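Per-entry structural report
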Amino acid sequence: MNIVVMPGDDIGPEITEVTMTMLDKVNQAFALGMDFNVVDVGMASFKKCGNTIPEAAVQAALDAEGVILGPCGMTLYPPRDEGGINVPGTIRKRLELYANLRPARSRAGVPNARPGLDVLIARENTEGFYADRNMFMGIADFMPTEDVALSVRKITRAGSRRIAKVAFEYAARRRKKHVSAVGKQHVLQVTDGLFMNEAYAEAKLHQDIAFREVDVDAMAADLYTRPERYDVILVTNMFGDILSNEACALSGGLGLAAALNAGDEHAIANAGHGSAPDLVGRGIANPSGLMLSVAMLMEWLGTRHDKPAYIDARHAIEAALDGALADAKVRTPDLGGSGTTKTFAQAVTARVDAVALRATGTR
């Protein structure tokens, strides 16, 4: 199993390094047989070849079974025509990653976590109001005159159908088995109408999974007041971007932001937060988001290739993180702890070993 590792920018290399130490332990303990290929992107790549994501890096991602991508910051990137290309955006488009999967749940000991929260946001990742990804040529945010600005929202039947299918597939594997489709259909009657039509059509194919439609403003309030009501949240691009950050904040903070960007053939694990240039070199960046993203990738690989050991590995990583996050001595400062990037990662890695020993009887 060939896994490409792209450390990224700013805190990316720091949290990627400790995440890979943890994953090496998982690889060994569960006999997963993964091989890791480190590929530079971002400014590390630009300094070598004048491009933040050269074609060779894209091809490596296309050839791999999975990709681990550290946060990429564009603060220091030169203009696009000088080689400063958006790394996650390029990979998302070239690998056709249409599903952005963002989990959020409360964990014992994590300060400010909202009790009862345990959701997975299934966000459509290729269209909607995002001006950089919904036009064949040009962008969908423009000014026809100096006094008028317009944005075009693109919703397609095919795009809506495939993200709905993913949402129900994940709901079938979860305890609550419930999907909530989120939009504002009575206002955006045509675009949200098309999205909801596909959601309802998919729901008819899954009679064992509960389904309901929820307005986006009601969902934003309900996630805070009654998070226990929700399980999988099916949503269009911009609404999903907003709700996933809200859900992450309610789980304790952006340091816990995990994400899997997936398509039919490829998937990448990349934390759902930025590259935090203000934390570079301080040794306190929280690697939890990237570690949890890697756990999601393990589940995706295990399901796709029918390898139960990968799914066991996913549960081991989650359990190890839960144990480490409950300990204020090893939690990083963003979550009210006194630990460092390395001490937290060491605690997670040690717990992974213990969980694996119980699960398999071997180290």
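If you're wondering where the values come from, they're calculated on a predicted model, not measured in any experiment. (Residues numbered from 1 in each chain as written. Predicted model: local features only at pLDDT ≥ 70, side-chain atom pairs only at ≥ 80, totals over all residues. Heavy atoms only, no water.)

When helices and strands are tallied, the protein shows eleven helices and twelve strands. Oriented by its inertia axes, the alpha-carbon framework of the protein measures out at about 60 × 50 × 40 Å. Buried positions account for 54% of the 363 residues belonging to the protein. Taking all contacts inside the protein whose residues are at least 6 apart in sequence as the whole, residues at least 24 apart take part in 72%. Counting every atom, the protein has about 15500 Å² of accessible surface; 54% of that belongs to carbon and sulfur. (Helix = DSSP H or I, 4+ residues; strand = E, 2+ residues; numbered from the N terminus. Buried < 20%, exposed > 50% of the residue type's maximum accessible area, 1.4 Å probe, protein only. Contact = heavy atoms within 4.5 Å. Areas by Shrake-Rupley, 256 points an atom, 1.4 Å probe, with all protein chains shown as cover.)

What follows is about the pairing of strand E8 (residues 178-183). For a regular strand, side-chain orientation follows a simple rule: the groups alternate between the two sheet faces. Counting buried positions over the six residues of E8 gives six, a clear majority of the element. Along E8, one buried face is formed by His178, Ser180 and Val182 and the opposite face, lined by Val179, Ala181 and Gly183, is buried too. Bridge count for E8 against strand E9 (residues 210-215) is six bridges, and the pairing is parallel. Within the sheet, the bridge partner assigned to alanine 181 lies in E9 and is glutamate 213. Crossover E8 to E9 through helix H6 (residues 191-204) is right-handed. Note that E8 and strand E10 (residues 232-235) share four bridges and pair parallel. Residue alanine 181 lies in a different strand from E10, and its bridge partner there is leucine 234. (Pairing = 2+ DSSP bridges. Right-handed = clockwise from strand over helix to strand, strands pointing away.)

As a further point, take the packing of helix H1 (residues 12-29) against helix H9 (residues 288-304). Axis separation between H1 and H9 bottoms out at 9 Å; the angle between their running directions is 45 degrees. The angle between H1 and H9 falls in the class oblique. Crossing angle aside, the handedness with which H1 passes H9 is right-handed. Contact residues: Ile15, Thr16, Val18, Thr19, Met22 and Leu23 in H1; Leu290, Met291, Val294 and Met298 in H9. A class-by-class count of the residues in the contact of H1 with H9 yields eight nonpolar, two polar and no charged. (Axes fitted to C-alpha atoms, helices over the stretch in contact; angles between N-to-C directions. Parallel < 35°, antiparallel > 145°, perpendicular 65-115°, else oblique. Left-handed = near helix turned anticlockwise from the far one by under 90°. Nonpolar A, V, L, I, M, F, W, Y, C, P; charged D, E, K, R; others polar.)

Below, the discussion takes up the pairing of strand E7 (residues 148-151). Alignment of strand E6 (residues 141-145) against E7, held across three bridges, turns out to be antiparallel. From the neighbouring strand, phenylalanine 142 faces E7, where its bridge partner is leucine 150. Following E6, the chain reverses through two residues before pairing antiparallel with E7.

Turning next to the nonpolar core. Counting residues in hydrophobic clusters, the biggest one holds 75 residues, and the most contacted among them are Leu260 and Met298. At ten residues, the largest contribution of residues to this core is made by H9. Not counting the four nearest positions on each side in its chain, methionine 298 is found in contact with Leu23, Leu32, Met34, Tyr310, Ile311, Arg314 and Ile317. Of all hydrophobic cores here, the second largest spans 21 residues; its members include Ala64, Val67, Ile91 and Ile268. (Core = buried A, V, L, I, M, F, W, Y, C linked by side-chain atoms within 4.5 Å.)

Right, let's talk about the environment of threonine 52 for a bit. Topologically, threonine 52 is positioned in the loop between helix H2 (43-49) and helix H3 (55-63). Residues threonine 52 and threonine 332 lie 280 residues apart in sequence; the distance between their C-alpha atoms is 30 Å. Excluding anything up to four places from it in sequence, threonine 52 contacts Val41, Gly42, Ser45, Phe46, Tyr77, Gly83, Gly84, Ile85 and Val87. A distance of 2.7 Å separates a polar side-chain atom of threonine 52 from the backbone oxygen of isoleucine 85. (Polar contact = N/O pair within 3.5 Å; in protein donor to acceptor, adjacent residues only side chain to side chain.)

Looking now at the packing of aromatic side chains. What the rule picks out here adds up to two aromatic pairs. When the centroid spacing of 5.9 Å and the interplanar angle of 35 degrees are considered together, the rings of phenylalanine 168 and phenylalanine 211 count as tilted. One end of the pair, phenylalanine 168, is in helix H5 (residues 157-173); the other, phenylalanine 211, is in strand E9, and 43 residues separate them in sequence. Relative accessible area serves as the criterion here: at 0%, phenylalanine 168 is assigned to the buried category. (Phe/Tyr/Trp six-rings, centres within 6.5 Å; stacked < 30°, edge-to-face > 60°.)

Attention shifts here to a nonpolar patch on the surface. Taken together, the side chains of Phe142, Val148, Leu150 and Val152 make up a nonpolar region of the molecular surface, amounting to roughly 270 Å² of accessible area. With respect to the secondary-structure elements, valine 148 resides in strand E7. (Patch = residues over 30% accessible without salt bridge, like charges linked within 9 Å, V, L, I, M, F, W, Y side chains within 5 Å. Salt bridge = Lys/Arg side-chain N within 4 Å of Asp/Glu carboxyl O.)

Tallied over the full model, the rule gives 19 salt bridges. The salt bridge partner of arginine 107 is glutamate 318, with a shortest N-O separation of 3.2 Å. Of this pair, arginine 107 sits in the loop between strand E4 (99-105) and strand E5 (118-124) while glutamate 318 sits in helix H10 (residues 308-325), and the two are 211 residues apart along the sequence. Using a relative accessible area of 9% as the deciding quantity, one classes arginine 107 as buried. Glutamate 318 sits in the buried class, given a relative accessible area of 13%. Close ionic contact of glutamate 198 with arginine 161 constitutes a salt bridge, the shortest N to O distance being 3.2 Å. With a gap of 37 residues between them, glutamate 198 in helix H6 and arginine 161 in helix H5 connect regions that are remote in the sequence. Owing to a relative accessible area of 8%, glutamate 198 belongs among the buried residues under this scheme. Given a relative accessible area of 40%, arginine 161 falls into the partly exposed group. Here the salt bridges share partners, and the residues they tie into one network are Arg105, Arg107, Arg314, Glu318 and Asp322.

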